[in-house]
Amino acid sequence: MTSQLAVQQVSVHYGDFAAVTDVSMQLEPGQIGCLLGPSGCGKTTLLRAIAGFEPVSAGQIALHGQILSAPGKLTPPEQRRVGMVFQDFALFPHLNVERNIGFGLAGMNREERRQRVAEFLDLVGLAQYAKAWPHELSGGQQQRVSLARALAPRPEILLMDEPFSSLDTELREQLAGEVRELLKESRVTTILVTHDQYEAFAMTDHVTLLQEGRVAQSDTPYNLYHNPANEFVAEFIGQGAMISVTIDEAGNMDNQLGPLDRAHDHWQPGQSLKLLIRPDDIEYVSHSELRLKVAGKAFRGAQYLYELALADGQRVPCLTPSHVDVAVGGELPVHFDLRHVVVFRP
Ligand code: ATP
């Protein structure tokens with residue numbers, strides 16, 4: 001089967017500056033992919049290259065088997081059948097909701113257009129707002145109109161650039177989940193650009209994490225969190241602490257963490273390692289003999305996120321139900337469950 005989108009070893013330059021270097025990714029029909037990474041890592045540049053607004057200096061971009069970008073070749077955006085949704089919604093203020101949605105359907109006759117607009121108004125749950133003006137809608141509703149407008153021409157691929165970033169946090173996660181359902185229902189292949197990993201997790205099947213224009217890891221959200229390819233990924237994704245340990249003759253670590261005994265890992269006595277400790281690697285167990293000093297804590301509603309100090313001063317995180325309330329300076333009884341801990345060898 002031909003991938004819907006194939007980005008192969010693409011580089012994009014602004015003058016001499018390489019904003020994107022040697023990036024490959026592909027999406028199968030109906031998959032939702034994500035470009036994730038810190039500010040300036042090249043997400044928008046790559047999205048613009050896929051849309052046809054930036055030429056590539058190396059590699060190629062193909063949609064449904066057809067090469068659209070390669071050095072010296074740039075199929076213009078309007079010939080790519082790409083739908084776009086932007087951060088600021090970009091609705092036309094002088095057109096009502098149904099006219100905004102119908103905007104890209106110029107080639108259709110009146111009746112076809114009316115049906116298509118109605119179909120997509122329905123899809124985004126805004127049928128009763130057909131005649132409303134953009135300024136009469138909430139931010140979340142405006143974003144749904146903008147989604148309907150992008151989807152109505154049935155694009156080959158939908159590109160979404162930070163579509164929820166002007167909305168407040170709570171609405172953002174809710175809308176990310178809703179939009180995922182809508183996209184899955186309409187089976188449109190999509191790329192989301194975001195710097196927010198929780199938005200990426202809530203909405204997408206596959207994430208390409210960029211670091212300074214290169215792919216740091218391209219994987220499922222689960223693997224990014226549990227099997228990070230390197231320290232950059234480990235520190236960017238989720239919460240956790242990277243700690244240094246040394247292993248003794250018996251395979252024990254030089255702190256209260258105990259033995260490191262995963263069968264598939266081989267190391268030498270005396271070897272120094274780095275461990276990624278996630279909050280879910282440390283359990284609160286009320287009767288545990290191991291008690292760690294509370295160095296900090298943050299209330300998270302249903303949970304407390306504790307920062308605990310090991311004897312050597314290194315800090316590790318621990319999530320507990322929020323009725324487990326120990327003051328800073330006190331001790332929390334815990335048990336380490338290091339079966340899934342991620343180990344890096346320097
Ligand atoms: P953000 O999350 O802040 O939007 P981003 O990951 O989308 O960042 P890009 O906007 O793709 O990053 O920018 C990648 C790099 O390319 C940055 O160093 C940026 O300064 C640079 N850059 C972006 N656009 C241009 C341009 N038109 N001319 C020169 N350099 C640019």
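Just so it is clear, the model here is predicted, and its values are computed rather than measured.

1. Description of the overall build of the protein chain
The helix and strand tally for the protein chain stands at eight helices and 19 strands. Based on the C-alpha atoms only, the size of the protein chain along its principal axes is roughly 75 × 45 × 35 Å. Counting only residues that meet the buried cut, the protein chain has 50% of its 346 residues in that class. Considering only residue pairs separated by 6 or more positions, the protein chain has 65% of its internal contacts joining residues 24 or more positions apart. Accessible surface, the protein chain: about 16800 Å² in total, of which carbon and sulfur atoms supply 48%. One way to put it: in the protein chain the 29 positive side-chain charges average out to a point 8 Å from where the 42 negative ones average out.

2. What to know about the site of the ligand
Around the ligand, the surrounding shell consists of Y14, F17, A19, P38, S39, G40, C41, G42, K43, T44 and T45. Separating an oxygen atom of the ligand from a backbone N or O atom of G42 is a distance of 3.0 Å. Here T45 contributes a side-chain N or O atom positioned 2.5 Å from an oxygen atom of the ligand. Within the complex, 57% of the 640 Å² of free accessible area of the ligand lies under protein. At the level of secondary structure, the elements contributing two or more residues to the shell around the ligand comprise β2 (17–27) and α1 (43–51). Top element by residues in the shell around the ligand is α1. It accounts for three residues.

3. Digging into the side chain of R116
Within the element layout of this structure, R116 appears in helix α3 (residues 110–123). Nearest to the buried, unbridged R116 among oppositely charged side chains is E119, at 4.5 Å. Setting aside anything within four residues of it in sequence, one finds R116 in contact with L105, M108, A152, P153 and R154.

4. Some words on α3
Look at α3: 20 Å from first C-alpha to last across 14 residues, which is about the 20 Å you get at 1.5 Å a residue. Looking only at α3, the buried set comprises R116, V117, F120, L121 and L123. Each buried residue of α3 lies within a common arc of 155 degrees when the element is viewed along its axis, so the set occupies one face. Exposed side of α3, more than 90 degrees from the buried face: R114 and D122 are the residues found there. Where α3 is buried, its residues meet α2 (97–102), α4 (139–151) and α5 (169–186).

5. Some points on the nonpolar core
Ranked by internal contacts, the top residues of the largest apolar core, which has 46 residues, are I101, L147, L158, M160 and L183. Here L158 is in contact with G83, M84, V85, L147, A150, L151, L183, V188, T189, T190 and I191, once residues within four sequence places are set aside. With 26 residues, the next largest nonpolar core counts A51, V56, L159 and V193 among its residues.

6. A closer look at the state of the cysteines
Per the stated rule, a full pass over the model turns up zero disulfides. C41 supplies the cysteine sulfur nearest to C34, a cysteine that is in no disulfide, at a spacing of 10 Å.

7. Some remarks on unusual backbone geometry
For R81, which is not glycine, the phi torsion reads 55 degrees and is therefore positive. Along the chain, R81 falls in the loop between β6 (73–74) and β7 (82–85). Positive phi, close to 55 degrees, is recorded for R187, a residue that is not glycine. You can see R187 is positioned in the loop between α5 and β9 (190–194).

8. Quick notes on a negative patch on the surface
On the surface, D248, E249, D254 and D312 cluster together to form a negatively charged patch. Tracing the chain through its elements places D254 in the loop between β12 (241–246) and β13 (272–277). The class of D254 is partly exposed, set by a relative accessible area of 46%.

9. Some words on the sheet that holds strand β16 (residues 303–309)
Read across the open sheet, the five strands follow the order β14-β18-β15-β16-β17; overall the sheet is antiparallel. This sheet does not close on itself; its edge strands, each paired only once, are β14 (282–284) and β17 (315–321). Direction aside, neighbouring strands of the sheet carry axes that sit 50 degrees apart on average.

The rules behind these values
Residues numbered from 1 in each chain as written. Predicted model: local features only at pLDDT ≥ 70, side-chain atom pairs only at ≥ 80, totals over all residues. Heavy atoms only, no water. Helix = DSSP H or I, 4+ residues; strand = E, 2+ residues; numbered from the N terminus. Buried < 20%, exposed > 50% of the residue type's maximum accessible area, 1.4 Å probe, protein only. Contact = heavy atoms within 4.5 Å. Areas by Shrake-Rupley, 256 points an atom, 1.4 Å probe, with all protein chains shown as cover. Lys, Arg positive; Asp, Glu negative; His and termini not counted. Charge placed at Lys NZ, Arg CZ, Asp CG, Glu CD. Near = heavy atom within 4 Å. Polar contact = N/O pair within 3.5 Å; in protein donor to acceptor, adjacent residues only side chain to side chain. Salt bridge = Lys/Arg side-chain N within 4 Å of Asp/Glu carboxyl O. Expected span 1.5 Å × (residues − 1). Arc of directions from axis to C-beta. Core = buried A, V, L, I, M, F, W, Y, C linked by side-chain atoms within 4.5 Å. Disulfide = S-S within 2.5 Å. Patch = residues over 30% accessible without salt bridge, like charges linked within 9 Å, V, L, I, M, F, W, Y side chains within 5 Å. Pairing = 2+ DSSP bridges. Axes fitted to C-alpha atoms, helices over the stretch in contact; angles between N-to-C directions.

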